[in-house]
Amino acid sequence: MELDFRVPTQHQVQRDWSPYSMNGGTVLALAGEDFAVIASDTRLSEGFQIYSRDYPKTYQLSDNMVLGCCGFHGDVLTVTKNIKSRIKDYEHLHRKKMSCAAVAQRLSVMLYSRRFFPYYAFNILAGLDNEGRGCVYSFDVVGSYDRETYRAGGSASSMLQPLLDNQARRQNTLRGSHLGKIRRKTGRIY
Amino acid sequence: MAGAVSVEMPRGGFSFELCKRNAALAAAGMKPPTPVKTGTTIAGLIFKDGVVLGADTRATEGSVVADKNCAKIHYMAKNIYCCGAGTAADTEYTTLQISSELELHRLETGRKPRVGTALRMLKQHLFHYQGHIGAYLVLGGVDITGPNLYTVHAHGSTDKLPYVSMGSGSLAAMATFEDRFRPNMDVSVKTFKFGISRKSEKEAVQLVRDAIVAGIFNDLGSGSNVDICIITADKTEYIRPFDVANEKGERTGDYRYARGTTAVLETSVRKFEVTSETVTSAEPMES
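Residues numbered from 1 in each chain as written. Chains lettered and ligands numbered in written order. Predicted model: local features only at pLDDT ≥ 70, side-chain atom pairs only at ≥ 80, totals over all residues. Heavy atoms only, no water.

- The name an unreviewed UniProt entry gives chain B is Proteasome subunit beta, with Geodia barretti as the organism.
- You can read under Subunit (unreviewed entry) in the UniProt record for chain B the words "Component of the proteasome complex."
- Listed under Catalytic activity (unreviewed entry) in UniProt, the entry text for chain B is "Cleavage of peptide bonds with very broad specificity." (UniProt positions renumbered as here; feature names shortened; annotations may be inferred.)

- The name an unreviewed UniProt entry gives chain A is Proteasome subunit beta, with Geodia barretti as the organism.
- Taken from UniProt, the Function (unreviewed entry) comment for chain A reads in full: "Component of the proteasome, a multicatalytic proteinase complex which is characterized by its ability to cleave peptides with Arg, Phe, Tyr, Leu, and Glu adjacent to the leaving group at neutral or slightly basic pH. The proteasome has an ATP-dependent proteolytic activity."
- According to UniProt, the comment filed for chain A under the heading Subunit (unreviewed entry) is "Component of the proteasome complex."

Below, the structure is given as structure tokens:
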């Protein structure tokens, strides 16, 4: 009887180069009755190294709109550059200012166009809608988006979002988790 | 023969029994739990009268800070301390184990423990486990032969040097040392006040503090405060924290919950009346 001493070997080639890298950063946005707030940290890093201590993740797109964008910095730069360009195109073509909703839609289409090699950027758009009310749109890497009252995105999003859920929405409290108006001064809802 | 039971003696060394199970689980798609790593800056140097050890106080679990103020300078003996980088549990338990063995050895020999003894115990323990115990240590102390400073790596290799650094912030710390270290620096072992670094500090402690601070501010795996341990022939000073380099930010809002935030479904109050009190002494166990 022959004993089989063959050992199964791995024939897969493991590639260790990635086109992406994580440069960190967190963005937070909140919409109120007649205002919107957007904030970000200012650290740019890779692994344990710091690239910059003063590099905000917020990009002003127009008079009434700011885009918070973080993740892979290479794609962040491209996404912000391209969306700014598209806004200019729109304003020249239609001779009117591009609304928040329109920018959100345009950004979604841009992100989905790279469905199979995504822009590794977490976007949150904050501004005022056509009625003058605050609006916040949040996106995933491939362009799925929704209008929300508040959203945290980026590396610390899992730490910020629950606080917002509790404070801005009264989640997990007796008074119930219904959406309410956010007061400008205190940020509390009543 | 009938009635004979063969007892399998426990074999020494690492038990690899669970490795097959872990591999199967990983293949099924389960992610293993991430060990807490002390992405760290630890450093030490030898000065005229002894050894100064320093460490930061951040412990990380991936990209989350697991502990903002953990103690990385471990007690080995009254005259020997050990800083640990790498897997937190490994550094903790390895130093505890060798500290215990060292104490037994001290009682056996009747002599003050030597740093070389601790070193030999540590490296033989780590080599035995072939690097699977992720402990990267800076061992320092003063014994009858004088001040001694060593580094120990997880696989069991050691180095004897006048100044050392380990951990993810070791490059930042070493850059500081290479710039300013001189042999036989002076430090007067004064009592340093909590959290205040005074201008009158002497060179060696200041240099170690600066090396750790370089790691804290330039390495994301290190952070929070600086702990220092100064060991000389006659005494040891363990100062924790030596320098509170990062104060926790103060909250500007008040997030306390009003009464009624949590629903009270039922309230029941039961009164307990103390009728009598008796004291009984514990009985010693029968041997």
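**Regarding the pairing of strand β5 (residues 64-67) of chain B**
Residues and elements named next belong to chain B.
So, point 1. Here strand β4 (residues 59-61) runs beside β5; their pairing, made up of 3 bridges, is antiparallel. Paired with Glu 61 across the bridge in β5 is Val 64.
So, point 2. Following β4, the chain reverses through 2 residues before pairing antiparallel with β5; Gly 62 in that reversal takes a positive phi of roughly 75°. (Pairing = 2+ DSSP bridges. Helix = DSSP H or I, 4+ residues; strand = E, 2+ residues; numbered from the N terminus.)

**Focus on the nonpolar core**
So, point 1. Ranked by size, the top nonpolar core spans 23 residues in total, and within it Leu 61, Val 103, Leu 107 and Leu 125 of chain A carry the most contacts.
So, point 2. With 6 residues, the top contributor of residues to this core is helix α2 (residues 100-112) of chain A.
So, point 3. Beyond its immediate sequence surroundings of up to four residues, Leu 125 of chain A is in contact with Leu 61, Met 65, Val 66, Leu 67, Cys 100, Val 103, Ala 104, Cys 135, Val 136, Tyr 137 and Phe 139 of chain A.
So, point 4. Among the nonpolar cores identified, the runner-up in size contains 22 residues, and Ala 43, Ala 173, Val 205 and Val 213 of chain B belong to it. (Core = buried A, V, L, I, M, F, W, Y, C linked by side-chain atoms within 4.5 Å. Buried < 20%, exposed > 50% of the residue type's maximum accessible area, 1.4 Å probe, protein only. Contact = heavy atoms within 4.5 Å.)

**Here's the deal with the pattern of salt bridges**
All names here are of chain B.
So, point 1. For the coordinates displayed, the defined rule picks out 13 salt bridges over all chains.
So, point 2. Ionic pairing is found between Arg 106 and Glu 103, a salt bridge with its closest N-O pair at 2.9 Å. Taken together, the residues span about one helical turn, with Arg 106 and Glu 103 both in helix α2 (residues 88-109) at a distance of 3 residues.
So, point 3. The class for Arg 106 is partly exposed, based on a relative accessible area of 34%.
So, point 4. Each of Arg 180, Arg 209, Asp 210 and Asp 243 takes part in a single network of salt bridges with overlapping partners. (Salt bridge = Lys/Arg side-chain N within 4 Å of Asp/Glu carboxyl O.)

**Regarding the pairing of strand β11 (residues 163-166) of chain B**
Residues and elements named next belong to chain B.
So, point 1. Burial along β11 is two-sided: Tyr 163 and Ser 165 facing one way and Val 164 and Met 166 facing the other are all buried.
So, point 2. Of the strand pairs in this sheet, strand β2 (residues 42-46) and β11 are connected by 4 bridges, and their pairing is antiparallel. Residue pairing across strands places Leu 45 opposite Tyr 163, the latter belonging to β11.

**A closer look at the packing of helix α1 (residues 73-94) of chain A against α2 of chain A**
Residue and element names in this part refer to chain A.
So, point 1. As a packed pair, α1 and α2 sit with axes 11 Å apart at the nearest point and diverge in direction by 130°. When the axes of α1 and α2 are compared, the pair comes out oblique. Crossing handedness for the pair α1 and α2: right-handed. Residues Val 79, Asn 82, Ile 83, Arg 86 and Ile 87 of α1 lie in contact with α2, whose contacting residues are Val 103, Arg 106, Leu 107, Met 110 and Leu 111.
So, point 2. Across the contact of α1 with α2, the residue classes tally to 7 nonpolar, 1 polar and 2 charged. (Axes fitted to C-alpha atoms, helices over the stretch in contact; angles between N-to-C directions. Parallel < 35°, antiparallel > 145°, perpendicular 65-115°, else oblique. Left-handed = near helix turned anticlockwise from the far one by under 90°. Nonpolar A, V, L, I, M, F, W, Y, C, P; charged D, E, K, R; others polar.)

**Comments concerning the interface of chain A and chain B**
So, point 1. In this complex, chain A contributes 14 residues to the contact, which on the side of chain B involves 16 residues.
So, point 2. For the pairing of chain A and chain B, the buried interface totals around 1200 Å² over both sides, and the portion due to carbon and sulfur atoms is 57%.
So, point 3. Our count for the chain A to chain B interface comes out at 0 salt bridges.
So, point 4. Our count for the contact surface shared by chain A and chain B stands at 3 residue pairs in polar contact (both at pLDDT 80 or more).
So, point 5. Elements that contribute at least two residues to the side of chain A that touches chain B include exactly β4 (49-52) and α3 (157-167) of chain A.
So, point 6. Among the elements that line the side of chain A that touches chain B, the one with the most residues is α3 of chain A, at 3 residues. (Buried area = accessible area lost by both parts, 1.4 Å probe. Polar contact = N/O pair within 3.5 Å; in protein donor to acceptor, adjacent residues only side chain to side chain.)

**Some thoughts on unusual backbone geometry**
All names here are of chain B.
So, point 1. Residue Pro 241 follows Arg 240 across a cis peptide bond; omega there is 0°.
So, point 2. Positionally, Pro 241 belongs in strand β13 (residues 236-243).
So, point 3. Within the chain, Gln 130 stands out as a residue other than glycine whose phi angle is a positive 50°.

**Things to note about helix α5 (residues 203-218) of chain B**
Residue and element names in this part refer to chain B.
So, point 1. Relative to the 22 Å expected for 16 residues at 1.5 Å per residue, α5 spans 22 Å between its end C-alpha atoms, a close match to the ideal helical length.
So, point 2. Of all the 16 residues making up α5, 12 are buried; the element is thus mostly covered by neighbouring parts of the structure.
So, point 3. Within α5, burial applies to Ala 204, Val 205, Leu 207, Val 208, Arg 209, Asp 210, Ala 211, Ile 212, Val 213, Ala 214, Gly 215 and Ile 216. (Expected span 1.5 Å × (residues − 1).)

**Here's the deal with the sheet that holds strand β1 (residues 26-31) of chain A**
All names here are of chain A.
So, point 1. Taken together, the 3 strands give an open sheet; going across it, the order is β2-β1-β10, and neighbouring strands pair in antiparallel fashion. The open sheet is flanked by β2 (36-40) and β10 (150-154), the only strands paired with a single partner. When the angles between neighbouring strand axes are averaged without regard to direction, this sheet yields 10°.
So, point 2. Taken together, the 5 bridges between β1 and β10 define a ladder with antiparallel strand orientation. Counted as the bridge partner of Leu 28 is Ala 152 from β10.
So, point 3. The sheet contacts of α3 involve β1 and β10, and relative to β10 the element is tilted by about 170°.

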